[in-house]
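A structural walkthrough
As a plain string of letters, each chain reads:
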Amino acid sequence: LPAYLGDGFHVAGLKWIASYPGNVRRGFPRASAVLVLNDYETGYPFALLESSIISAARTAASAVLAAYWLNGRSRRARSLGIVGTGFIARYVYDFLVDTGWEIGEVRLYDKSPAESEKFKSTACHPERHRAVATVADLATLVRGSDVVVFTTVAPAPYVTDPSLFEHRPLVLHVSLRDLAPEILLGAQNVVDDVEHVMKANTSPHLTEQLTGNRDFVTGTLAEIMEGRRSVDRRRPIIFSPFGMGMLDVAVGKWVYDHAVAAGREQRIPDFFYETVR
C-alpha cells in the first residue's frame, strides 16, 4: 500500500503486510508488517517502523469512526456481536470502549470456542456491559446484535442467508470476505474507497462481478461525513474498508514524530552505502 500525504505531512510511504492465516495454528499472529516513510523532497527513507500495531490501530480507528457516523452519530449499541475474536477484534473492541461507546451486551463467536473464551477473559471489560457471553453459532450472534463486527481470516464468503440481517444491524465488515453478494445487494454499502475495495475477491468485488456494476455502493465514509451521501436505516448498513495506505502513513508519521520528540528513535548513521555523488 503506497501513499503520499501532503497538507502538513509531506511524507510518502509504503506499508508491506504479510498475511498468513496459517500462523494462527502455529501459535503466533496472522500478520507481520513494516512501514517505510520517505522524505518527499529527496525520496530517501528516513524511518522503518514495525507496523502490525500501526495497522491494527488504524483499522480499528477507521471502523469505529464509521460506526459513529453510520449509527446516526450515536455511540450506543444494545448488543455488540464480534465474529472472529483475534488480534484485530481486540483493537476494535478497545477503540469502541475507549471512545465512550455504551454497549449493553457483548456477544462473541469464533470457529475456535477457546479463542472466544480467551477474548472474554482477557480482552473484555465486563464492568462496562450488562453481560458478556460466548455463543455457539454465528446465526444466533448476528440475529441478536444491532452492531456486528467481522474480523476473521475467511478467504471466501460463508455467510449466505440475507434473513440473518432482517433486523437491520450496522455491520463493520473489517475482514471483507465473510458476506455473500446477496447480502450486500440487500443492504446499504459504505466503503473507504470504491476503487480500492474492488479487488482481491472481497465481498464488494464479488458483488461487482456478479452484477456487472457498482450501483450497490451507497458511497464512501468521507461522503457520509461531508453530508454528500446518506444511509437509509430501513436497510442493513455494511461498512467494508479495504484499508487505505495513507492512514498507515499518517499514523506512522505521528508515531515517528513522538518517538523523535521523546528521544526514542534508533538511528543507523551508515545505513546508506553512498551519500555523496
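This report concerns the structure included in the present document.

Reading the values: the criteria
- Every chain begins its residue count from 1, and numbering advances along the sequence as written.
- It should be noted that, the model being predicted, local features are given only for residues of pLDDT at least 70 and side-chain atom pairs only at 80 or more, the latter also being counted only at that level, while totals for whole chains, interfaces and linings use all residues.
- As a convention, hydrogens and water are excluded, and side-chain values are obtained from all of the structure's heavy atoms.
- Numbering of helices and strands runs from the N terminus, with a helix taken as a DSSP run of H or I at least four residues long and a strand as a DSSP run of E at least two residues long.
- When we talk radius of gyration, it's over C-alpha atoms, and the globule rule is simply 2.2 Å times the number of residues to the 0.38.
- Each residue gets one of three labels from its accessible area relative to the maximum for its type: buried under 20%, exposed over 50%, partly exposed in between, using a 1.4 Å probe on protein chains only.
- Two residues form a contact once any of their heavy atoms are found within 4.5 Å.
- For the accessible areas, the method is Shrake-Rupley and the probe is 1.4 Å, while residue cover comes only from the protein chains on display.
- Here, a strand pair is defined by DSSP locating no fewer than two bridges between the strands.
- Axis geometry follows a simple rule: fit a line to the C-alpha atoms, using only the stretch in contact for helices, then measure angles between N-to-C directions, giving values from 0 to 180 degrees.
- Here, a salt bridge means any Lys or Arg side-chain nitrogen found within 4 Å of an Asp or Glu carboxyl oxygen.

Overview of the overall build of the chain
Of the regular secondary structure elements, the chain holds ten helices and twelve strands. Expected size for 277 residues packed as a compact globule is a radius of gyration near 19 Å; at 20 Å, the chain falls within 12% of this value. The principal-axis extent of the C-alpha atoms belonging to the chain is close to 65 × 45 × 35 Å. Of all 277 residues assigned to the chain, the portion counted as buried reaches 47%. Put simply, 66% of the contacts in the chain that link residues at least 6 apart link residues at least 24 apart. Surface exposure of the chain reaches about 14700 Å², of which carbon and sulfur atoms provide 54%.

Let's talk about the pairing of strand β10 (residues 188-191)
Alternating positions in β10 separate into two faces, Gln188 and Val190 on one and Asn189 and Val191 on the other, with burial throughout. Sheet topology note: the β10/strand β12 (residues 237-240) ladder contains four bridges and is parallel. Its bridge partner being in β12, Val190 is matched across the sheet by Phe239. Strand direction decides the pairing type here: β10 and strand β11 (residues 217-220), joined by three bridges, are parallel. Within β11, the position partnered with Asn189 by the bridge is Val217.

Some words on the sheet that holds strand β2 (residues 11-19)
Within a sheet, adjacent strands bond to each other through the backbone by hydrogen bonds, running parallel or antiparallel. A sheet is described by the order of its strands in space; here four strands give the open sequence β1-β2-β3-β4, paired in antiparallel fashion. Each of the sheet's edge strands pairs with one partner strand only, and the pair in question is β1 (2-5) and β4 (45-50). Along the sheet, successive strands turn relative to each other by an average axial angle of 20°, direction set aside. Relative to strand β3 (residues 31-39), β2 is paired through nine bridges, and the arrangement is antiparallel. By the bridge assignment for β3, Gly13 is matched with Leu37. Lying on the sheet, helix α2 (residues 52-70) is in contact with β2, β3 and β4; it crosses β4 at an angle near 80°. Strands in contact with helix α10 (residues 245-261) are β1, β2, β3 and β4; relative to β3, the strand with the most contacts, it is inclined by about 75°.

Examining the pattern of salt bridges
Once their charged atoms are close, side chains differing in charge can pair, the charge on each being opposite to the other. The final tally for this structure, using the stated rule, is eleven salt bridges. Between Glu105 and Arg107 there is a salt bridge whose closest N-O contact spans 3.1 Å. A salt bridge links Glu195 to Arg214, with the nearest nitrogen and oxygen atoms 3.0 Å apart. Taken together, the positions of Glu195 in helix α7 (residues 194-197) and Arg214 in the loop between α8 (203-211) and β11 put the pair 19 residues apart, joining distant regions of the chain.

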